Protein chains: 2
Amino acid sequence: MKRIAIDAMGGENAPEAIIEAVLKVKDELSQTQFILFGDADLIRQKLGNNYDQKRIQVVATQSIIGDEEEPVKAIRSKKDSSMVQAAQFVKAGKADALLSLGNTGALLASGIFIIGRIKGIPRPGLMPTLPAKDYHHAFDIIDVGANAQSKPEYLLKWAQMASFYASKIRKIENPRVALLNNGAESDKGDDLHQGAYNLLQDSNLHFIGNIEGNELMIGKADVVVTDGFTGNAALKSIEGMASVLLHSLKDSLLHNGLLTKLGAALIKKAVADLRAKYDTARYGGAVFLGLKAPVVKTHGRSDWCPIYYTLKQIDTILDEELIKIFTEEFAQK
Amino acid sequence: MKRIAIDAMGGENAPEAIIEAVLKVKDELSQTQFILFGDADLIRQKLGNNYDQKRIQVVATQSIIGDEEEPVKAIRSKKDSSMVQAAQFVKAGKADALLSLGNTGALLASGIFIIGRIKGIPRPGLMPTLPAKDYHHAFDIIDVGANAQSKPEYLLKWAQMASFYASKIRKIENPRVALLNNGAESDKGDDLHQGAYNLLQDSNLHFIGNIEGNELMIGKADVVVTDGFTGNAALKSIEGMASVLLHSLKDSLLHNGLLTKLGAALIKKAVADLRAKYDTARYGGAVFLGLKAPVVKTHGRSDWCPIYYTLKQIDTILDEELIKIFTEEFAQK
């Protein structure tokens, strides 16, 4: 039986959305047990008649790490929190993976300091999967912010792990790996990115060269590797622009007279299509790669749906034994 | 008389779009002379009856720097090109500013190696003005790619120059300056950004702290300072996302049946409004700040409209004597 430790108290819709997702996915993932950490009375009450004790376990914890708390301080001072307790379960071998919707920094800190790094990986990296222009494409981008300072060697390891992920979990044959840089030519970028380019070029990855910010969303690469600082800025710029544009469109549709409103009603399906296309939910959460167990973050604002997909994603990661692959691959180097 | 040197051969629509813009703006900018560099016969032919020799000068040049050419090599080997000749005119004091739609790298190289840096500015920075969520807001962002490697001191100077620009050219009182970083807290970022934060904090700028990628477009700051590598990635990510989203919307509207098509027709005005809102044209081109004369780049795909606004922008920069302000401000330090 695979066992997923779930911080049931993180995110804006906790614990309801998390419980709903577990109940929805439970029958599909029949070989998996869900261990919910948090306010046990509340969780049991919300589970109600669906509390299948063979498949769902509830572990009572006493506190919650808030989104604004300083990560390392938080995990040290709140050892009885839902997140830290869930991580401790993984460390103790009582669970195989960790999911949280809470404080990203604290989750990264829990991953590094409690669960621990895989030998041969100097720094774990955070990797979401994002939709690209064509509905059937998507790309993994790593690191989007786990590390403020990076070195070329880190980028190489991230690219290698993400390439395994794209191949094993997203079933992409020979994933195309690109480096986010400030130009197409091989000599572009600062020392960090020139160094990373050379390492990627010499690796056995399917490295297709540099990619620029405006090419991210067009599906040119299956894996994009970047330093955590730039990756964070690029990802957030993309999210910010999408949000501003969609809000502005809505605004324009509401404030341009009656005929426009009628038009807006008629294009509802097209807009829903568009939203579905750029919905990141179906790819699951952002995986923190390089740890001794899968640690996955789903957006704090999520309703049940992205959590549902994240649970399936984690299940696949466990089925494919991704951590075992990493351990064998990187330990010998 | 102010004199603007214009590389008439750069960009996809050269020289027509450039000539059209000059003719359209000429009467508004009655104290300005336009010096067009390029294929003299072709330019004179396109000018036709509008060739007002008191206001428009044509300088014959023999070659064009292509978009794919290596910048420094190009400006050294093509001394007879429209871009290099225009820059030489500025250097010789025969023109006061330089405009080009051509190879950005070559334009930056022309600025640095031909026109020269202002004393006290270690590295010039490239600064576009971008629209923010609210129609009446916009922000200047510097550096978006003139420098692959940066130092905290560079960021401070860029912020100072951009703040003068926002105040003098965009008429914003006490512009709010923010640092693009990977979190809100003052200790966020790598050494470069922590160093820049401290310098900005100690400066007499109206520094409002860190800003993240997703906050760029909401108009939180009037000036955003960033290193050239991150700025480039953020700007291009924003452009890429906007382009992909608008194309996808169009696609959705065309492939969702007849009623959707009818709806699309009805919302045309709303979509035009939206496009106008995020149209960067009215803010002019990207200014290369820190040189002995204004050097401005307009997007290579531009039709006459962005060029028209760029000419007005350059005219205002000359009226406000921005270069004189920089020279006095930075020379003494």
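Okay, so let's go over this structure. (Residues numbered from 1 in each chain as written. Chains lettered and ligands numbered in written order. Predicted model: local features only at pLDDT ≥ 70, side-chain atom pairs only at ≥ 80, totals over all residues. Heavy atoms only, no water.)

**Regarding empty space enclosed by the protein**
A full pass over the atoms with the stated rule returns three cavities of 30 Å³ or more. Of the volumes computed, that of the largest cavity is approximately 60 Å³. When contributions to the lining of the largest cavity are tallied by element, the ones reaching two or more residues are helix H8 (228-254) of chain A together with helix H8 (228-254) of chain B. (1 Å grid on protein atoms, 1.4 Å probe; cavity = no way out; pocket = protein on both sides within 12 Å on 5 of 7 lines; lining within 4 Å. Points joined across faces, edges and corners; volume = space filled by probe spheres on them. Helix = DSSP H or I, 4+ residues; strand = E, 2+ residues; numbered from the N terminus.)

**Here we look at the interface of chain A and chain B**
Reports of interface size often rely on the accessible area that becomes lost once the parts have come together. Every contact between the two is made by 50 residues of chain A and, on the other side, 50 residues of chain B. Between chain A and chain B, a total of about 4,500 Å² is buried, with carbon and sulfur atoms accounting for 68% of that surface. With a closest N to O distance of 2.2 Å, Glu212(B) and Lys236(A) form a salt bridge. Our count for the contact surface shared by chain A and chain B stands at twelve residue pairs in polar contact (both at pLDDT 80 or more). Counting residues per element, the ones that place at least two in the side of chain A that touches chain B are helix H7 (191-202), H8, helix H9 (257-266) and helix H10 (268-277) of chain A. Take the side of chain A that touches chain B: its biggest share by element is 19 residues, from H8(A). Residue composition of the side of chain A that touches chain B, grouped by class: 24 nonpolar, 16 polar and ten charged. (Contact = heavy atoms within 4.5 Å. Buried area = accessible area lost by both parts, 1.4 Å probe. Salt bridge = Lys/Arg side-chain N within 4 Å of Asp/Glu carboxyl O. Polar contact = N/O pair within 3.5 Å; in protein donor to acceptor, adjacent residues only side chain to side chain. Nonpolar A, V, L, I, M, F, W, Y, C, P; charged D, E, K, R; others polar.)

**What to know about a negative patch on the surface**
Judged by side-chain charge, Glu12(A), Asp67(A), Glu68(A), Glu70(A), Glu185(B) and Asp187(B) come together as a negatively charged surface patch. In this structure Asp187(B) comes out as exposed when scored by relative accessible area, which is 56%. (Patch = residues over 30% accessible without salt bridge, like charges linked within 9 Å, V, L, I, M, F, W, Y side chains within 5 Å. Areas by Shrake-Rupley, 256 points an atom, 1.4 Å probe, with all protein chains shown as cover. Lys, Arg positive; Asp, Glu negative; His and termini not counted. Charge placed at Lys NZ, Arg CZ, Asp CG, Glu CD. Buried < 20%, exposed > 50% of the residue type's maximum accessible area, 1.4 Å probe, protein only.)

**As for the packing of helix H1 (residues 16-25) of chain B against helix H11 (residues 304-319) of chain B**
Residues and elements named next belong to chain B. Running from amino to carboxyl end, H1 crosses H11 at an angle of 50°, the nearest separation of the two axes being 8 Å. When the interaxial angle is binned, H1 and H11 end up oblique. Note that H1 runs across H11; the crossing there is right-handed. From H1, Ala17, Ile18, Glu20, Ala21, Val22, Lys24 and Val25 reach across to H11, where they touch Trp304, Ile307, Tyr308, Leu311 and Lys312. For the contact of H1 with H11, the class distribution of residues is nine nonpolar, no polar and three charged. (Axes fitted to C-alpha atoms, helices over the stretch in contact; angles between N-to-C directions. Parallel < 35°, antiparallel > 145°, perpendicular 65-115°, else oblique. Left-handed = near helix turned anticlockwise from the far one by under 90°.)

**Some details on the packing of aromatic side chains**
Enumeration according to the criterion identifies 14 aromatic pairs over all chains in this entry. Ring plane angle 85° and centroid distance 5.2 Å describe the contact between Tyr308(A) and Tyr309(A), whose orientation is recorded as edge-to-face. The class of Tyr308(A) is buried, set by a relative accessible area of 12%. Taken together, a centroid distance of 5.0 Å and an interplanar angle of 80° make the contact between Phe37(B) and Phe89(B) edge-to-face. Taken together, the positions of Phe37(B) in strand S2 (residues 32-38) and Phe89(B) in helix H4 (residues 82-91) put the pair 52 residues apart, joining distant regions of the chain. By the ring-pair criterion, three or more aromatic residues cluster together here, those being Phe164(A), Phe326(A) and Phe330(A). The lysine or arginine in question, Arg76(B), covers the ring of Phe113(B), its NZ or CZ lying 5.4 Å from the ring centre. (Phe/Tyr/Trp six-rings, centres within 6.5 Å; stacked < 30°, edge-to-face > 60°. Lys NZ or Arg CZ within 6 Å of the ring centre and 35° of its normal.)

**What about the nonpolar core?**
With 110 residues, the main nonpolar core has Leu98(A) and Leu98(B) as its most contacted residues. Residues contacting Leu98(B), with those up to four places away along its chain left out, are Ala5(B), Ala86(B), Ala87(B), Val90(B), Leu107(B), Ile115(B), Pro294(B), Val295(B), Val296(B) and Ile314(B). (Core = buried A, V, L, I, M, F, W, Y, C linked by side-chain atoms within 4.5 Å.)

**Some words on the packing of helix H6 (residues 152-168) of chain B against helix H7 (residues 191-202) of chain B**
Residues and elements named next belong to chain B. Put simply, H6 and H7 touch, their axes get as near as 8 Å, and they point 45° apart. Here H7 runs oblique to H6, going by the angle between their axes. When the axes of H6 and H7 are compared, the crossing they make is right-handed. Packed against H6, whose contacting residues are Pro152, Glu153, Leu155, Leu156 and Ala159, the element H7 presents Leu192, Gly195, Ala196, Leu199 and Leu200 at the interface. Here the residues of the contact of H6 with H7 are counted per class, giving eight nonpolar, one polar and one charged.

The quantities given are spatial measurements derived from coordinates; they are silent on function.
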